[in-house]
Amino acid sequence: MSMMFAPRLTEAAAPTTHAAPTWSPYDNNGGTCVAIAGEDYCVIAADTRMSTGFSILTRNYSKIHQITDKSVLASSGFQADIRALQKNLDARHQIYQHQHSKQMSCPAMAQLLSNTLYYKRFFPYYAFNVLGGLDSEGKGCVYTYDAVGSYERSGYSSQGTGMQLIMPVLDNQLKSASPLVLPLRQSTTPLSEVEAVDLVKDTFASAAERDIYTGDGVEIVIVNRDGIRHELMDLKRD
Amino acid sequence: MFRNQYDNDVTTWSPQGRLHQVEYAMEAVKQGSATVGLKNSDTYAILLALKRSTSELSAHQKKIIPLDSHVGMSIAGLTADARILSRYMRNECTNEHYAHDQPLPINRLVTRMGLKMQTSTQRYDRRPYGVGLLIAGFDSKGPHVYQTCPSANYFDCKAMSIGARSQSARTYLEKNLDKFANCTLNELVRHGLLALRECLPNDMELNSKNVSLAIVGKDHPFTVYDDQKVEQFLALITEAERKGKSSGPSEQDRVMETEP
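Residues numbered from 1 in each chain as written. Chains lettered and ligands numbered in written order. Predicted model: local features only at pLDDT ≥ 70, side-chain atom pairs only at ≥ 80, totals over all residues. Heavy atoms only, no water.

A few points about the pairing of strand 11 (residues 217–224) of chain A
All names here are of chain A.
Part 1 of the reasoning: By the criterion of burial, strand 11 is predominantly enclosed, with eight of the eight residues buried.
Part 2 of the reasoning: Residues Gly217, Glu219, Val221 and Val223 line one face of strand 11 and the alternating positions Val218, Ile220, Ile222 and Asn224 line the opposite face, and both faces are buried.
Part 3 of the reasoning: Looking at chain direction, strand 2 (residues 41–47) and strand 11 are connected through seven bridges and run antiparallel. Bridge pairing in strand 11 places aspartate 47 opposite valine 218.
Part 4 of the reasoning: Across eight bridges, strand 11 lies against strand 12 (residues 227–234) in antiparallel orientation. Across the sheet, residue valine 221 finds its bridge partner in strand 12, namely histidine 230.
Part 5 of the reasoning: The hairpin turn running from strand 11 into strand 12, its antiparallel successor, is two residues long. (Buried < 20%, exposed > 50% of the residue type's maximum accessible area, 1.4 Å probe, protein only. Helix = DSSP H or I, 4+ residues; strand = E, 2+ residues; numbered from the N terminus. Pairing = 2+ DSSP bridges.)

Regarding helix 2 (residues 79–100) of chain B
Part 1 of the reasoning: For helix 2 of chain B, built from 22 residues, the straight-helix expectation of 32 Å at 1.5 Å per residue is met to within 8% by its first-to-last C-alpha distance of 31 Å.
Part 2 of the reasoning: Among the residues of helix 2 of chain B, those classed as buried are Asp81, Ala82, Leu85, Ser86, Met89, Arg90, Glu92, Cys93, Thr94 and Glu96 of chain B.
Part 3 of the reasoning: Where helix 2 of chain B is buried, its residues meet helix 1 (79–100) of chain A together with strand 3 (64–68), strand 4 (71–77), helix 3 (106–119) and strand 5 (131–139) of chain B. (Expected span 1.5 Å × (residues − 1). Contact = heavy atoms within 4.5 Å.)

Details of the side chain of aspartate 7 of chain B
Part 1 of the reasoning: Mapped onto the elements, aspartate 7 of chain B comes out in the segment before helix 1 (20–31).
Part 2 of the reasoning: Within the local environment of aspartate 7 of chain B, its side chain forms a polar contact with the backbone nitrogen of asparagine 4 of chain B, the two atoms lying 3.5 Å apart. (Polar contact = N/O pair within 3.5 Å; in protein donor to acceptor, adjacent residues only side chain to side chain.)

Section: the packing of helix 2 of chain B against helix 3 of chain B
Residues and elements named next belong to chain B.
Part 1 of the reasoning: One way to put it is that helix 2 packs onto helix 3 with a least axis distance of 11 Å and a crossing angle of 135°. The angle between the axes of helix 2 and helix 3 places the two elements in the oblique class. Remark: the crossing between helix 2 and helix 3 carries right-handed chirality. Judged by residue contacts, Leu85, Tyr88, Met89, Glu92, Cys93 and Glu96 of helix 2 engage Arg108, Leu109, Arg112, Met113, Lys116 and Met117 from helix 3.
Part 2 of the reasoning: Of the residues contributing to the contact of helix 2 with helix 3, the split by class is seven nonpolar, no polar and five charged. (Axes fitted to C-alpha atoms, helices over the stretch in contact; angles between N-to-C directions. Parallel < 35°, antiparallel > 145°, perpendicular 65-115°, else oblique. Left-handed = near helix turned anticlockwise from the far one by under 90°. Nonpolar A, V, L, I, M, F, W, Y, C, P; charged D, E, K, R; others polar.)

Some details on the environment of glycine 130 of chain B
Residues and elements named next belong to chain B.
Part 1 of the reasoning: Position of glycine 130 relative to the elements: it lies in the loop between helix 3 and strand 5.
Part 2 of the reasoning: Since its relative accessible area comes to 5%, glycine 130 is described here as buried.
Part 3 of the reasoning: Here the alpha-carbon distance between glycine 130 and alanine 82, two residues 48 residues apart in the chain, equals 8.2 Å.
Part 4 of the reasoning: Every residue in contact with glycine 130, bar those within four places of it in the chain, is listed here: Ala25, Ala28, Ala76, Gly77, Leu78, Asp81 and Pro150.

Side note on the sheet that holds strand 10 (residues 220–225) of chain B
All names here are of chain B.
Part 1 of the reasoning: If you trace the five strands from one edge of the open sheet to the other, you get 8-1-2-9-10, paired in antiparallel fashion. Edge positions in the sheet fall to strand 8 (159–162) and strand 10, since each of these pairs with one other strand and no more. Between one strand and the next, the sheet's axes are offset by a mean angle of 10°, whatever the strand orientation.
Part 2 of the reasoning: The pairing of strand 9 (residues 211–217) with strand 10 spans four bridges and is classified as antiparallel. Residue pairing for strand 10: glycine 217 is matched across the bridge by histidine 220.

With respect to the confidence of the model for chain B
Residues and elements named next belong to chain B.
Part 1 of the reasoning: Looking at chain B, the pLDDT average stands at 91 and 93% of residues meet or exceed 70.
Part 2 of the reasoning: Predicted confidence is poor over residues 247–260, with pLDDT under 50, and the contacts of this stretch with residues over four places away or in other chains come to eight contacts.
Part 3 of the reasoning: Of the two predicted TM-score estimates for the complex, the pTM is 0.85 and the ipTM is 0.81. (pLDDT = per-residue confidence, 0-100.)

With respect to the nonpolar core
All names here are of chain B.
Part 1 of the reasoning: By size, the foremost hydrophobic cluster in this structure holds 31 residues, and its most contacted members are Ile46, Leu206 and Leu213.
Part 2 of the reasoning: Leave out the neighbours within four places in its chain, and leucine 213 touches Ile46, Leu47, Leu48, Ile64, Val189, Thr223, Val224, Tyr225, Val230 and Phe233.
Part 3 of the reasoning: Within the second largest apolar cluster, 21 residues are counted, among which are Leu67, Ile75, Leu109 and Val110. (Core = buried A, V, L, I, M, F, W, Y, C linked by side-chain atoms within 4.5 Å.)

Let's talk about helix 6 (residues 185–197) of chain B
Part 1 of the reasoning: Here helix 6 of chain B contains 13 residues, and its C-alpha end-to-end distance of 18 Å stays within 8% of the 18 Å for a straight helix at 1.5 Å per residue.
Part 2 of the reasoning: Within helix 6 of chain B, the full set of buried residues consists of Leu185, Leu188, Val189, His191, Gly192, Leu193, Leu194, Ala195, Leu196 and Arg197 of chain B.

Points about the sheet that holds strand 6 (residues 71–77) of chain A
Paired through backbone hydrogen bonds, the strands of a sheet run either parallel or antiparallel to each other.
Residues and elements named next belong to chain A.
Part 1 of the reasoning: Strand order in the open sheet made by the five strands is 5-6-7-8-9, with antiparallel pairing throughout. Edge strands, defined here as strands with exactly one partner in the open sheet, are strand 5 (64–68) and strand 9 (151–154). Across the sheet, the mean angle separating the axes of adjacent strands is 25° when strand polarity is ignored.
Part 2 of the reasoning: Pairing of strand 7 (residues 127–134) with strand 8 (residues 140–145) involves five bridges; the strand directions are antiparallel. For glycine 132, the partnering residue across the bridge sits in strand 8 and is valine 142.
Part 3 of the reasoning: Of the strands in this sheet, strand 5, strand 6 and strand 7 are in contact with helix 1, which crosses strand 6 at around 160°.
Part 4 of the reasoning: Where helix 2 (residues 106–119) meets the sheet, it contacts strand 5, strand 6, strand 7, strand 8 and strand 9, and its direction lies at approximately 5° from that of strand 8.

Here you go:
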């Protein structure tokens, strides 16, 4: 008798299952981004290869976008979403400048980026971001994000297809002693600007060896008190 | 202007075919302090404004509002209304960059303004915007100075002045109109200052506290110069020229004065 009242799990009543989708709104254009924060500089770098599947779309695409005089955004993932995200942040920054008569600081931009990403929590920007720049005191800062806006300030970071190859190398070279050690170490690396740039070049060259989606070239942007500088280095094209 | 039975709301025509509410709104512009706009033929458009302060304790009211790096405006009339309009215009400019990756051409900006302002002259629940604007900008067609009115009319101008006592400035601008096309930036500023000083009330002179200047042009994003920064431009006119015509010495006295 009690069976009559139990829910019957027929096809109609069962939770609907989707057929395998024929079309995805997302694509992964590959690539890797890195950023390192120094005492008075920040290095932001990304490879210049744009791919889809196993094909290369172009060897010469910039994943780096300067939003303010002191903030630079590097993003890997789905470049169409990334471009839309960049434009969104630019428009928001224009409005901020009209209202405050000054540019946004890097920590403020970091928070804005997080909010912007979470705003699309249920149809996310397929973007893996690293935001680098100088904070209001002129010290280097790096913020690293997931696709929906969870973020953290740190001394260095990498995102993208080569992240798993690069992050352990950065940890090895840059990670300060355990946070349990007192006094608390700063979240910037003691490396000089030139040493940091060389480290970035080395890590990309290594990542390009084994990650098929990383290669062709690496674009390096250095932000310091004198302004913003660009460097370009070739990588293996295979 | 006298009160009559057709001026209670903006949706009532008078028998002469006038909308009195709109005309009364234009009076509000004449209450605001003067502002002048002029341009040369190909490189610069400038705005100058006389800032007023309600008391010695408070700062002078801002008159010039940047809208985008290629365009800005100066206001005469209800500042609060101007702020709403500036928010709308800034939004339009930002959207143009987002959607079309280009600066909004000035004539399109002004057209949108006209359309927005017109709605409040044809609704029973709204009133006209009580502010006149001088919009100065630089785009692919060169420098522009536009004037807008509470009536939602807008005019492309070679030079213009609006606000209190602005007729004197317009007279100066009309007299010197043919010179402006070939002026350098400094010559333009000088003409602008000389026009502006015609609008001074008694016993006042142009100084860095009450003059606001904005310049936009080729390779020159819209920049406002106030306080200290406007001193370098005030130096383009002499001490005597800073005084208004009503408070300075008469024409004959000026001729007699010998400036070294």
